[in-house]
Amino acid sequence: MTTSLADVASSNVTLRAFLHGLPGVDRVGADQRAAMLGTRSIKTTAKAQAIDLAISMVDLTTLEGADTHGKVRALCTKAMHPGEGAPQVAAVCVYPDLVAEAAATVRGSGVKVASVATAFPSGRSSLEVKVSDTALAVAAGADEIDMVIDRGAFLEGDYLKVFEEIVAIKAASGDAHLKVILETGELATYDNVRRASWLAMIAGADFIKTSTGKVAPAATLPVTLIMLEAVRDFRDATGRQVGVKPAGGIRTTKDAIKNLVLVNETAGDDWLTPDWFRLGASSLLNDLLMQRQKLATGRYAGPDYFTVD
């Protein structure tokens, strides 16, 4: 980390000065560029490769109050064996109390176990509870922690509180990778998305993630574009690479491919790997598998051909 960034979080005043000194986002320009890149057409062999790449980037997710151990086992089995010849997904994402079940099911497969923590999805709890929530998930076998920032503190300008919470959760995560959820649908402006992205990265995030999937709008293309610009610029400034995870509302193969184009054209192909780009989704995988089969056989399978997660 450069000297200037190392000193940024010495106080709320210095942190605020740095974040508000970042270049402003041209909202019209961001919307137009994202829309333009979203029209790119990918056909035949390139499309088949893109579909398999997208499958390998999926964090297959179930975050419902009605989740059961059986549902998690079924989800993990699908994550490891999505379909004939298809690559396995990057990770399964579950609540902390189901991590042990997921970890036991995917053990030895290479599929990671991600767990939401820190009073997901609201983030409204004490730091002590958030740290405990994280530590318990890691102890149960989580490879990755998806934490939510305190949006209230961020919007009030208490950037140091948000920074210190991320630092504490990073420490509690140990060897697990930390994905910091910005909940961009509540940040109100594109400038805030850029500021929150930099704040999370300075605090030690391994990934920055758009959304919990519980707030609309979630992973829009312009927001993902801004976050990709942030990780690109952060690596230029510090030499450290940070991943990006759009999550929420990505349901179709077309949505997934638009995101891959965005990555390639904005951050570059260094990010076109599950190590640095993920797609948080529940229903997306089935559409990718349907499109994959269509390319291979020339025929669509009905939706009931695939398991409903």
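Along each chain, residues carry numbers from 1 onward, in the same order as the chain's sequence is written. For a predicted model such as this one, the threshold for reporting local features is a pLDDT of at least 70, and the threshold for listing and counting side-chain atom pairs is 80 or more; totals across whole chains, interfaces and linings nevertheless cover every residue. Note that the side-chain values use all heavy atoms of the structure and ignore hydrogens as well as water.

Asks: Help me get a handle on the overall build of the protein, residues and values and all.
Replies: To qualify as a helix, a DSSP run of H or I must reach at least 4 residues; to qualify as a strand, a run of E must reach at least 2; elements of each kind are numbered from the N terminus. For the protein, the count of helices and strands is 13 helices and eight strands. For 309 residues, the compact-globule estimate of 2.2 N^0.38 gives 19 Å, and the protein sits close to it at 19 Å. With respect to the three principal axes, the spread of C-alpha positions in the protein is 60 × 45 × 30 Å. Exposure categories follow from relative accessible area, calculated using a 1.4 Å probe and restricted to protein chains: below 20% of the type maximum is buried, above 50% is exposed, and the middle band is partly exposed. Counting every position in the protein, which comprises 309 residues, the buried fraction comes to 52%. Two residues form a contact once any of their heavy atoms are found within 4.5 Å. Put simply, 76% of the contacts in the protein that link residues at least 6 apart link residues at least 24 apart. The reference for a compact globule is 2.2 Å times residues^0.38; the radius of gyration itself is calculated from the C-alpha atoms.

Asks: Let's hear about the pairing of strand 5 (residues 177-181): which residues, and what values?
Replies: Of all five residues in strand 5, four are buried, a share of seventy percent or more. Pairing of strand 4 (residues 144-148) with strand 5 involves five bridges; the strand directions are parallel. Looking at strand 5, one finds that Met147 is bridged to Val180. At least two bridges found by DSSP between two strands are what make those strands a pair.

Asks: Any chance you could break down unusual backbone geometry for me, citing the residues and the numbers?
Replies: In this structure, the amide linkage connecting Phe120 to the following residue, Pro121, adopts the cis form with an omega of 0°. Along the polypeptide, Pro121 turns up in the loop between strand 3 (112-117) and helix 7 (127-139). For Thr118, which is not glycine, the phi torsion reads 65° and is therefore positive. Positionally, Thr118 belongs in the loop between strand 3 and helix 7. You will see that Ala188, though not glycine, has its phi angle at about 75°, which is positive. Relative to the helices and strands, Ala188 is located in the loop between strand 5 and helix 10 (190-202).

Asks: For the packing of aromatic side chains, give the residues involved together with the corresponding values.
Replies: Describing an aromatic ring pair means giving the distance of the ring centres and the angle of the ring planes. Paired rings are identified among Phe, Tyr and Trp, the last through its six-membered ring, by centres lying within 6.5 Å, and are further divided according to the angle between planes into stacked (under 30 degrees), edge-to-face (over 60) and tilted (the rest). A full pass over the atoms with the stated rule returns four aromatic pairs. Between Tyr95 and Phe120 the ring centres are 6.1 Å apart and the planes differ by 75°, which places this aromatic pair in the edge-to-face class. Linking Tyr95 in the loop between strand 2 (91-94) and helix 6 (99-106) with Phe120 in the loop between strand 3 and helix 7, this pair joins segments that are 25 residues apart in sequence. The buried category is assigned to Phe120, whose relative accessible area is 12%. The interplanar angle of 75° and the centroid separation of 5.5 Å between the aromatic rings of Trp198 and Phe234 together place this pair among those described as edge-to-face. Taken together, the residues Trp198 in helix 10 and Phe234 in helix 11 (residues 221-238) connect sequence positions 36 residues apart.

Asks: Tell me about the side chain of Thr238, and please be specific about residues and values.
Replies: Of note, Thr238 is situated in helix 11. The buried category is assigned to Thr238, whose relative accessible area is 17%. N or O atoms within 3.5 Å of each other form a polar contact, as long as, within protein, one can give a hydrogen and the other can take it, and as long as residues adjacent in sequence are counted only when both atoms are side-chain atoms. At a separation of 2.8 Å, a polar atom in the side chain of Thr238 contacts the main-chain carbonyl oxygen of Phe234. Among the polar contacts made by the side chain of Thr238, one reaches the main-chain amide nitrogen of Arg240 at a distance of 3.1 Å.

Asks: Let's hear about the packing of helix 3 (residues 27-37) against helix 11: which residues, and what values?
Replies: Closest axis-to-axis distance for the helix 3/helix 11 pair is 8 Å, and the angle between their directions is 105°. Taken together, the axis directions place helix 3 and helix 11 in an arrangement best described as roughly perpendicular. Between helix 3, through Ala30, Asp31, Arg33 and Ala34, and helix 11, the contact on the second element is made entirely by Leu221, Pro222 and Leu225. In the scheme used here, Gly and all other residues not listed as nonpolar or charged are polar, with Ala, Val, Leu, Ile, Met, Phe, Trp, Tyr, Cys and Pro taken as nonpolar and Asp, Glu, Lys and Arg as charged. Residues of the contact of helix 3 with helix 11, tallied by class, amount to five nonpolar, no polar and two charged. The axes are straight lines fitted to the C-alpha atoms, using for helices just the contacting stretch, and the angles between their N-to-C directions are given from 0 to 180°. An angle counts as roughly parallel when it lies under 35 degrees, as roughly antiparallel when it exceeds 145, as roughly perpendicular when it falls between 65 and 115, and as oblique in every other case.

Asks: Give me the pattern of salt bridges: which residues, what numbers.
Replies: Salt bridges, as used here, are contacts in which a Lys or Arg side-chain nitrogen is within 4 Å of a carboxyl oxygen on Asp or Glu. Scanning all chains against the criterion turns up 21 salt bridges. As a salt-bridge pair, Glu265 and Arg40 come within 3.2 Å of each other at their nearest N and O atoms. Here Arg40 lies in the loop between helix 3 and helix 4 (44-56) and Glu265 lies in helix 12 (residues 253-266), a separation of 225 residues in the sequence. Taking the relative accessible area as the measure of exposure, Arg40 reaches 41% and is therefore partly exposed. Among the ionic contacts, a cluster of salt bridges with common partners joins Asp59, Glu144, Asp146, Lys179, Lys209, Lys245 and Arg278.

Asks: Could you give an account of helix 7, naming the residues involved and the relevant values?
Replies: For helix 7, built from 13 residues, the straight-helix expectation of 18 Å at 1.5 Å per residue is met to within 8% by its first-to-last C-alpha distance of 18 Å. Inspection of helix 7 places Lys130, Thr134 and Ala137 among the buried residues, and these make up the whole buried set. Buried residues of helix 7, viewed axially, fall in a sector of 65°; they line one side. Facing away from the buried surface of helix 7 by more than 90 degrees, the exposed residues are Glu128, Leu136 and Ala139. Of the surrounding secondary structure, the elements contacted by the buried residues of helix 7 are helix 6, strand 3, strand 4 and helix 9 (159-173). Given the number of residues in a helix, its expected span is that number minus one, multiplied by 1.5 Å. Each C-beta atom gives one direction from the helix axis, and the arc is the one those directions make.

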